[in-house]
Amino acid sequence: MKKSSKTKIARVYSTALYEAAVERKCVDEVWKDIEKLQFLLRENAEITSYLSSPLWSEQDKNDVLKKTANVLKLNKETVNCLEVVTENNRAADLSAILDDFIKVYYQKNDIAEVEIGRAH
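Treat the numbers as computed from the prediction; the structure is a model and nothing was measured. (Residues numbered from 1 in each chain as written. Predicted model: local features only at pLDDT ≥ 70, side-chain atom pairs only at ≥ 80, totals over all residues. Heavy atoms only, no water.)

Q: Kindly report on the overall build of the protein chain, identifying the contributing residues and their values.
A: Helix and strand content of the protein chain: 6 helices and 0 strands. Each helix and strand of the protein chain, ordered N terminal to C terminal, gives the series α-α-α-α-α-α. Relative to its length of 120 residues, the protein chain is compact, with a C-alpha radius of gyration of 15 Å against a globular reference of 14 Å. The C-alpha extent of the protein chain, read off along each of the three principal axes, is 45 × 40 × 30 Å. Within the protein chain, residue pairs in contact and separated by at least 24 positions form 74% of the contacts whose partners lie at least 6 positions apart. Measuring between centres, the 19 positive side-chain charges of the protein chain sit 3 Å from its 20 negative side-chain charges. (Helix = DSSP H or I, 4+ residues; strand = E, 2+ residues; numbered from the N terminus. Rg over C-alpha atoms; globule rule 2.2 N^0.38 Å. Contact = heavy atoms within 4.5 Å. Lys, Arg positive; Asp, Glu negative; His and termini not counted. Charge placed at Lys NZ, Arg CZ, Asp CG, Glu CD.)

Q: Let's hear about the nonpolar core: which residues, and what values?
A: In terms of nonpolar packing, the biggest core is built from 31 residues, with Val-30, Ile-34, Leu-51, Leu-94 and Phe-101 touching the most fellow members. At the level of secondary structure, the elements contributing two or more residues to this core comprise α1 (5–23), α2 (27–43), α3 (45–52), α4 (58–72), α5 (76–87) and α6 (94–108). Among the elements that line this core, the one with the most residues is α6, at 7 residues. (Core = buried A, V, L, I, M, F, W, Y, C linked by side-chain atoms within 4.5 Å. Buried < 20%, exposed > 50% of the residue type's maximum accessible area, 1.4 Å probe, protein only.)

Laid out in structure tokens, this is it:
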């Protein structure tokens, strides 16, 4: 099955963030940042809608993400990634990037995802 371009884009950014975190020995801190950001995006549909909207400039989106990073006290590597994402007009892909970071993290740390279902 072919990967969609959105999936490929998410993989590029998430892998770059993971590698930067490894290089600077802050993977655990970035992991916690990703969890915080995912929670925020899931719980606040307005932010997700704002980041996806073409009505707002990338600079405005960058400003919102910077303020969010300050409030959440995000690691410098996470903040750098957010800046690159907005500079490259990819703020709408942030959720996919965060989701893919978790996949990269699991893969690099030999963690298997298990889905538990209930038999009927």
